Amino acid sequence: VLFFFLFLVLGSLCLRIPILHPIGLKIVAKLQEIDSKLPLPYLMEARVHMQALRVLTLRVVMRDLTARPSMTPTFNKAIVAYHKALKRSSFTNPKRGDITVLSEFAQIAYYAYEQRKMLSLANHGVLKILEVGKKAVDVLAPSNRAYLNQQKQIQAALKSMRRYG
């Protein structure tokens with residue numbers, strides 16, 4: 001219980017205050033040491049990296065040219081963390097935590113497609129991310145109709161990437 005309380009309280013603080021990102025990553029590393037079989041610590045790590053990406057995006061919008069080179073590596077760290085969380089999640093019989101991981105990965109997959117130029121992502125990498133995102137949303141859609149629109153978006157993105165590259 002204490003483990004999850006720390007996870008929720010400290011994690012939410014570290015997501016909202018950019019200065020706390022390194023502290024958040026240290027907390028996540030400790031949580032991963034405690035139980036490396038759970039997907040939640042890796043999901044938290046991915047969220048911290050995505051929050052850092054949001055801050056970098058805002059800096060780019062504000063014409064801070066020093067932020068752009070850090071965007072792609074930050075996104076790649078988030079994708080790696082999401083993949084680690086996916087490896088620890090069940091695709092066949094997803095539980096509550098697994099559904100969160102699958103849902104967020106599907107959203108990130110479409111985000112990668114939409115922002116591939118800004119993030120300077122290679123087309124083959126985006127295609128791989130979309131394929132895994134499609135697997136994730138295909139697991140979610142039959143049990144919850146809320147994911148049908150997301151499923152259609154990812155299918156259209158996959159079709160576009162295969163056709164035009």
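Scroll up to find the structure.
Residues numbered from 1 in each chain as written. Predicted model: local features only at pLDDT ≥ 70, side-chain atom pairs only at ≥ 80, totals over all residues. Heavy atoms only, no water.

Attention now goes to the packing of helix α5 (residues 96-114) against helix α7 (residues 148-164). Closest axis-to-axis distance for the α5/α7 pair is 10 Å, and the angle between their directions is 40°. The orientation of α5 with respect to α7, classified from their angle, is oblique. The interaxial crossing formed by α5 with α7 has left-handed handedness. Contacts from Ser103, Ala106, Gln107, Tyr110 and Tyr113 of α5 reach α7 at Gln150, Gln153, Ile154, Ala157, Ser160 and Met161. In the contact of α5 with α7, the residues fall into six nonpolar, five polar and no charged. (Axes fitted to C-alpha atoms, helices over the stretch in contact; angles between N-to-C directions. Helix = DSSP H or I, 4+ residues; strand = E, 2+ residues; numbered from the N terminus. Parallel < 35°, antiparallel > 145°, perpendicular 65-115°, else oblique. Left-handed = near helix turned anticlockwise from the far one by under 90°. Contact = heavy atoms within 4.5 Å. Nonpolar A, V, L, I, M, F, W, Y, C, P; charged D, E, K, R; others polar.)

Okay, the packing of α5 against helix α6 (residues 123-140) next. Viewed as axis vectors pointing N to C, α5 and α6 meet at an angle of 145°, and their least axial separation amounts to 8 Å. Two packed elements cross with a definite hand, and for α5 against α6 that hand is left-handed. Contact residues: Ile99, Leu102, Ser103, Phe105, Ala106, Ala109, Tyr110, Ala112 and Tyr113 in α5; Val126, Ile129, Leu130, Val132, Gly133, Ala136, Val137, Val139 and Leu140 in α6. Residue composition of the contact of α5 with α6, by class: 16 nonpolar, two polar and no charged.

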